[in-house]
Structures are given as C-alpha cells and as structure tokens.
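Chains, contacts and geometry: an overview
As a plain string of letters, each chain reads:
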Amino acid sequence: MASSDDTEGSLTPVDFIQLQHYMEYSSLRVKDVIKEFQPGGRLAQYSNGECVDAVGFCLFLKTYLEVDDFPADFCQRLFRYFQHVEHGSTKSHLPKGGGVFLRDVSCYFSVLEEGQPREKLEFTFKLYDKDCNKLLDSSEVDRIITQMMRAADYLGWDVTELRPVLKDMMTAIDVDDSGTVTLEEWVKGGMNNVPLLVLLGLKMTERDGQHIWRMKHFNRPTYCSVCQSMLLGLGKQGLCCTCCKYTVHSQCANKNPEPCARTFVKSKPRIGCRNHNTRSVMDHNSELAKFRQLLPEVAAHDWIRADCNSSKCQVCHKKIKTVAGKRCVWCQEMRHDECLFSGLSSCDCGQLRDHILPPWAIYAVSKEEDTSLLNVTPDGHILQVCRCHIFLHTRISFPTVHLCLFCEVYFKLSSQTTIFISLLLEEIVTIPDTHPLLVFVNPKSGGKQGQRVLRKFQYLLNPRQVYNLSNGGPTPGLHFFRNLREYRILVCGGDGTVGWLLDAIDKENLPVHPPVAVLPLGTGNDLARCLRWGGGYDGSDLREILKEIEASQLVLMDRWSIQVIPDDPQEAGDPVPFQIINNYFSIGVDASIAHRFHSMREKHPQRFNSRMKNKLWYFEFATTETISASCKKLKECLMIECCGRTLDLSNMSLEGIAVLNIPSMHGGSNLWGESKKPDSVPEVENSEVITDPDLLKTISQDMSDERLEVVGLEGAIEMGQIYSGLKRAGHRLAQTSQITIRTIKALPMQIDGEPWMQPPCTIHITHKNQANMLMAAPTKPTGFFHLK
C-alpha cells in the first residue's frame, strides 16, 4: 500500500475502476507480456535488469492492455503508484533512475486478471525465484504478499484481517522453520487457503457441497456462522457464499465451516414414475399423490446456519436470536436449532417451487463412452460435451489415469489407440406440476449487471440450472434439460444474446422447444420491449421477475433467413454477422450510425461500459451522420422486390430502408407506427404482399403473422424525431412474406443491431421458422384515477 502521508503515490477509487475496465477487454496475460521485456524479447531494450523506466512502464501497459492511446496522465499516476512500494513497515529502495520493479508490477496485475488460482500461484513463485533454485526466502514471499495486499485493498477488502491470514499460511507451510518455501509448499498452502483463493479469482466449486465464496461488504450488523461474532470493518468484512449465503470471517473460512447445500443426489429418487423420459404407469392425479406420499423420503430440507435477523421460527413461532437458527436453502423456512426436527421434514421449495429444480430431481448416472464420440481440437485437446458442462481435458499418455475434479471424468487407456471414459452424467427426474427454469446469463451485458444477476439466480435457484454463457455457451444447459417436457428458459442479456440462444435451440434439435423469457441487460433491448419485459433491468427483486414469468403467456415469433450473395466474391467486405433475422434488417443511414458506433467500440471498448455512455455515443454519431449525409440518394443504389413486385421509390428522398419483424428498433422506436382503420377502408385480405398506401395505413404489426414490414427513412433527423416522439413513424412501403434486395455500391447494413459494410450484392430474405417466446402480462395501472 502507499503510505498514508504520501498521496502522490496512491490511486483513487476512480483510477482503480478505470484500470479494471481496461483489463476486462484485454486478451493477454501478464506472463506473456513480461517475456517481451526479458533478454531476447521485443521490448528488452526498455528494461534495466529488474526495472523499467517510465517509457518502459508505459509500453508495458499499452502491450498488456492492448491499447495504443493509453492516457498519459493516467500512466504517470500508475507509475508513481508503483514507485511507492512498502515491504513490511519500511519503504524499499527505489530502482536506480526512478523506475519501478517489473516483478512487482507483474505480480500486482496477475492477481487482478482472470485465471485459475493454481496458475497464478505458480506464476508468482517463478516470478520472484530470481536464482531459479526453486526456493523463495522470506523477503521474496513478503514482496508477493505485499502486492496481494495492495490489490486486495483496492478491491475493497479489509486488509487488516487478510494480512494475518496470509502470514499464518506462510508459517504453516514452512514446516522446518528454514525460512524458505518450495513451489510445492507454496501451491499447496495457497490452494488450501480460502481467502487467498477468492482473492486470486476462484469462481467455481470443484465438487458438490463446496461454497462459492466472494468477499462482500455488509450494510447491517452481520455475524460469522463459524465463530458467531460480528463481522467488523469499513470495507468488505467477510466471505459470503453465492449459493447459500453462508457468511464467515476470512480467517474462519479455513476452519472447516458447514458444507454448502447439495445440488444433486447420488442415485435416482423414487417419485412414482418408471423413468424421466418414459410415460408413467399411473395417471397424472395418482402420480402426484404418490409423489406427495414419498416427499418425506426424497424432498428433505437442506439446513444452513444463517443470521435470521429476529425472524420467527416456523415451528414455535418465536423470534430467533442472531445466529441461533437455520434456514432451508430451498424453501427459505427458518427454525430454531432445537426446532429443526419438530416440524415437517419434507420441503416444498416454497414460493419458487414452480421454478426451482431441486437436488432430489437430479441424480448421477455412470456411463462409459468411446472417445470417437468426442470432438478433438487440432492441438490435441479433447472437448467433452456432457449433459451439465463443457470441459477441456488435456490428452494424456499411456498408462496415466486422469480425473476431472469438476464433472468427475476419468481418462484411462485400454490400448495404444482407444481411450475410454468413465463418465458421471446427471439426469433429471420430472416433478409433476412444475416448470423448472433454465437460466442463461451473459455476464458481459449491462456492465456489471450480468455478474450480479448470475449470483442472485445461483442463490434463488439451484446453481445447476443457472449457466454462465461465457463458459461454453448455451449448449451445456440445453443438453442437461433436453429430456424434460415442461420447462421454461430465461435468457439474461441483450437482443444478441437472445438470438444466440434461439440459434442454439434450433441446432440442438430438441424434442420440445421450450418458451423463452427475457431479462433485458443490453443497450437497445428491442425484443424485450415488445414482449413487455422492459427496456432494461433496473435492479429490482428477481423474485418479482420470476412471478411475472410464471404468469406470462406463450406467443410465437417469426424468424427469417437472410442470404447475402456478393456480385464479386473476390471483393473484400466485412463478414455478415448473422444468417437469421429476429428483430430487423436495415440499409443506409441507421446502419451507418451503428457501423461507426461498432467500429469505435471495437477500438476503444473501455469507453462503452454503460447504457448511458452508449446512448451518448449514438447521439454523437447521429449528429455526424446528419452533417455528412453519407447515404444520400439511396434509391439510386438499390432495388427492392417484394414477392417479385418491385417497389417504386422514385418519388421519395430516402437515406435508409428498414425491414421490420417486431414493432421496436433502436431502443424503442416504432418505425411502422400506430395503425388506424377508417370506416371507408375495407378489411385487408391475407395477401403475400401489400404495397397500396391506403391499405398499409390500416395494417398493424404482428410478430407471428409470417410477414415483414418495409419502411423508408428520410435521414438521421427523421430518426431522431421518431425516437423523441416528434414524429410518429417512417414511410410505410410494403408488407410482404419475401424480399429480394439488389445493391450496386458498397453500403452499410445491419442485422439486429450488428452492422457491417457490404459490397454490391443480392439479398434474399425468406421465412425460416417460429420461436416460442414468453410475453409478460400487461402492466396494471395504478393510482386513484385508474380505479373503476
């Protein structure tokens, strides 16, 4: 840490947050960048032994963060920060020439970056093992701990509690009191120290029953579930399990706390049906009755020590003192310790019963599979796709047996050519009258919102039904649920995330296509708006969202195939982002704005980390497009056919064409507008294509009618007027079931918000299929004047 009396060498919280934003978008690792500064490396000339000067430090940041125009003033503040390093209670001698120690800088960033704790421990050891004798002395270990403490301080940890935990670890692993530590001792001690593992970024449990820890700041008095004393401090005072909310001091996490809640059972429970994917021998009512009779046998409570906060016991109805009670993870019922076995032993999963996939519905099945069924990557890795997860297993050599700690997969060689895998799969038993919710979360959507939503759902539901899309995409979850007949899907992300999931459902060839609800975390969220899920998640209680899903109704949504055929296949152009349209397709002014936005975000991703910033950037690019008018005289550059009928654009001055599947675009703009039906106009017949202006005025949009609406836009100013409500809609050109567009010059285009620059081409848009979606119930009006 920087000394308290020297503010020049400290970082502000804003600086640290900005640094984290840069790191989020970097694909490089510290261990790769530091090689460039070693002898023979590309940047070796900028290092002087262990040190780098200000120029070398700036090059280190630009290389590591993959940013060419890193702010100079920010770079200077970081440089001064690393110059003020403390070792113990005395400040270390600064490098000659006023530089910084490259090892300290690398160790600091390695703690903050993504990665496995074991790899980070090994890297930091080798980083400070200067003489390569595979030993670290006490001074070198202190330097590592100092960098870890500095990172923990800016992450909001209470370092006064963390320091003795790390010191105790070092004392424990130095068994012979030699003052030195081997690599094996260092890794073993670190991997058995829970607070250190959390600091190094441990995010997944290795086996059922392990907590998923994270450091947390508590706004109200909270007590440790191990020592039962209060958690004190101004920063993040203790560790809290994401799944069960079990809370402990950092030092108490190493004292064998209670295990986390189980998430599956070892063998198939008997709930009155032969098999999860065969018909029951009984009718529905008798099956349900048998299931309820067997509830005490298979649906037991899962009690965990909890701070009950003076809640009432469900058995004796008396208040529970601070940590004198326990809470069931699934039904949230609370009881005194002495009342645990007095009430009902069966658990009904409480208010969220319809959504929860309880552990007694998931059981383990051991199978043996030949690796001919697996995918092998070009570099010799085996990609195992199982029902619950996707993992990357390194190819092994005979006769080694390898165990994956995450899904308990054993590798063994039966001959020189054949590998068999003893695999523990997980199957689901159907529970009558429930609709388990399969949740997919894109943690990169909505800034940090996606990560918070992921943690909240892991607590409210079974963690085995909540999937992080950064870990293997939608495939693992769809495989796990594929044999269920009655279940729903919730996708948490933007419109692009929804499209990703719908594509995955098509490719999986599921026996049942489950209905999909949306929790909007993106910027535009047009599809979520049309389905009444709102324009963006506001941080409200997710239990209310789950209630809305339970009350939602099934609707169909058309999906369209788009084929782009370039006139000259050799002419270079951007790749077409999608082959399917879910929301809209456009050419011209709006695509030009989106393309500029996309290009800038690709170049400077750290500037686009919130909805408000994104909207401000859109406004700036729209203003620039208004001045430049890059798509002027668009009608001279393209021709549109609707079911073989050519649209007449000669009398219009258009800068953009939009093809709509849903009544929302660019964050809520309805380009088609509202429709009215005058008495003088006859009822519209179900025609393949309609271009008559009078008839088009009477047509309303319907996302399930297998029709597309074609709208013309005069320019960026008109788009702004529609978005702000000053103008009701664009120019209605047609409603059709098939479209062909031919262009004669390179034009900006976009599909569902993803833009690209397309050379001259022919575009065919045809109906593909319909997706099952969930639409939220209409919002009930509130207030005195709405009462009937």
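Being a predicted model, the structure only gives us computed values, none of them experimental. (Residues numbered from 1 in each chain as written. Predicted model: local features only at pLDDT ≥ 70, side-chain atom pairs only at ≥ 80, totals over all residues. Heavy atoms only, no water.)

1. Some details on the pattern of salt bridges
A full pass over the atoms with the stated rule returns 17 salt bridges. Close ionic contact of Arg-77 with Asp-73 constitutes a salt bridge, the shortest N to O distance being 3.7 Å. Remark: Asp-73 and Arg-77 occur in helix H4 (residues 72-83); sequence separation between them is four residues, near one turn of the helix. Arg-77 sits in the partly exposed class, given a relative accessible area of 24%. Owing to a relative accessible area of 45%, Asp-73 belongs among the partly exposed residues under this scheme. The network of salt bridges with common partners includes Arg-29, Glu-113 and Glu-119. (Salt bridge = Lys/Arg side-chain N within 4 Å of Asp/Glu carboxyl O. Helix = DSSP H or I, 4+ residues; strand = E, 2+ residues; numbered from the N terminus. Buried < 20%, exposed > 50% of the residue type's maximum accessible area, 1.4 Å probe, protein only.)

2. Some thoughts on the sheet that holds strand E31 (residues 689-690)
Read across the sheet, seven strands follow the order E31-E33-E32-E30-E27-E35-E36 without closing on themselves; strand pairing throughout is antiparallel. The sheet is open, and its two edges are formed by E31 and strand E36 (754-758), each paired on a single side. (Pairing = 2+ DSSP bridges.)

3. Quick word on the packing of aromatic side chains
As enumerated under the stated definition, the model contains 17 aromatic pairs in all. Their ring planes at 45° and their centres at 6.1 Å tell us that Phe-60 and Phe-109 sit as a pair that is tilted. One end of the pair, Phe-60, is in helix H3 (residues 54-65); the other, Phe-109, is in helix H5 (residues 102-112), and 49 residues separate them in sequence. An identical accessibility class is assigned to Phe-60 and Phe-109; each is buried. (Phe/Tyr/Trp six-rings, centres within 6.5 Å; stacked < 30°, edge-to-face > 60°.)

4. Here's the deal with the packing of H5 against helix H6 (residues 117-128)
Closest axis-to-axis distance for the H5/H6 pair is 10 Å, and the angle between their directions is 175°. As the angle between them shows, H5 and H6 are arranged roughly antiparallel. Residue-level inspection shows Arg-103, Asp-104, Ser-106, Cys-107, Ser-110 and Val-111 of H5 in contact with H6, the latter providing Lys-120, Phe-123, Thr-124, Leu-127 and Tyr-128. Along the lines of polarity and charge, the residues of the contact of H5 with H6 split into five nonpolar, three polar and three charged. (Axes fitted to C-alpha atoms, helices over the stretch in contact; angles between N-to-C directions. Parallel < 35°, antiparallel > 145°, perpendicular 65-115°, else oblique. Contact = heavy atoms within 4.5 Å. Nonpolar A, V, L, I, M, F, W, Y, C, P; charged D, E, K, R; others polar.)

5. Describing the side chain of Thr-222
Its location among the elements puts Thr-222 in the loop between strand E8 (213-216) and strand E9 (238-241). By relative accessible area, which is 7% here, Thr-222 ends up buried. Of the polar contacts made by the side chain of Thr-222, one reaches the backbone oxygen of Arg-220; its length is 2.9 Å. (Polar contact = N/O pair within 3.5 Å; in protein donor to acceptor, adjacent residues only side chain to side chain.)

6. Considering the side chain of His-211
By secondary structure assignment, the location of His-211 is in the loop between helix H10 (194-199) and E8. In this structure the side chain of His-211 is engaged in a polar contact, spanning 2.6 Å, whose partner is the backbone oxygen of Glu-258.

7. Topic: the sheet that holds strand E11 (residues 303-306)
Strand order in the open sheet formed by three strands is E11-E12-E13, with antiparallel pairing between adjacent strands. Edge positions in the open sheet fall to E11 and strand E13 (334-336), since each of these has one partner strand only. Averaged over all adjacent pairs, the angle separating strand axes in this sheet is 40°, with direction ignored.

8. What about helix H15 (residues 495-508)?
Helix length check: H15, at 14 residues, gives a terminal C-alpha distance of 20 Å against a target of 20 Å (1.5 Å per residue), a fit within 8%. Every buried residue belonging to H15 is among Asp-495, Thr-497, Val-498, Gly-499, Leu-501, Leu-502, Ala-504, Ile-505 and Glu-508, and all of these are buried. (Expected span 1.5 Å × (residues − 1).)

9. A short note on a positive patch on the surface
A contiguous patch of positive charge, built from Lys-31, Lys-35, Lys-126 and Lys-134, is present on the exposed surface. Inspection of the secondary structure assignment puts Lys-31 in helix H2 (residues 30-34). (Patch = residues over 30% accessible without salt bridge, like charges linked within 9 Å, V, L, I, M, F, W, Y side chains within 5 Å. Areas by Shrake-Rupley, 256 points an atom, 1.4 Å probe, with all protein chains shown as cover. Lys, Arg positive; Asp, Glu negative; His and termini not counted. Charge placed at Lys NZ, Arg CZ, Asp CG, Glu CD.)

10. Considerations on the pairing of E11
Taking every second residue as pointing to the same face, both faces of E11 are buried, with Trp-303 and Arg-305 on one and Ile-304 and Ala-306 on the other. Where E11 lies against strand E12 (residues 325-328), four bridges are found, and the strand directions are antiparallel. For Ala-306, the partnering residue across the bridge sits in E12 and is Gly-325.

11. Notes on unusual backbone geometry
A positive phi is found at Gln-228, a non-glycine position, where the angle reads about 65°. Within the element layout of this structure, Gln-228 appears in the loop between E8 and E9. Not every positive phi belongs to a glycine, and Lys-245 is a case in point at roughly 65°. Looking at the element boundaries, Lys-245 is found in the loop between E9 and strand E10 (247-248). A residue is classified by how much of its surface remains accessible, and Lys-245, at 28% relative accessible area, is partly exposed.

12. Observations regarding the confidence of the model for the chain
The pLDDT averaged across the chain works out to 77; a share of 75% of its residues lies at or above 70. In this model, residues 86-93 is a region of pLDDT below 50 whose contacts with residues beyond four sequence positions or in other chains number 14 contacts. (pLDDT = per-residue confidence, 0-100.)

13. Examining empty space enclosed by the protein
This model, assessed by the stated rule, comprises three cavities of 30 Å³ or more. Here the largest cavity defines a volume of roughly 60 Å³. Within the residue set of the lining of the largest cavity, elements represented by two or more residues are H15 and strand E37 (761-775). Ranked by residue count, the leading element in the lining of the largest cavity is E37, at four residues. When grouped by side-chain class, the residues that make up the lining of the largest cavity number four nonpolar, four polar and two charged. (1 Å grid on protein atoms, 1.4 Å probe; cavity = no way out; pocket = protein on both sides within 12 Å on 5 of 7 lines; lining within 4 Å. Points joined across faces, edges and corners; volume = space filled by probe spheres on them.)

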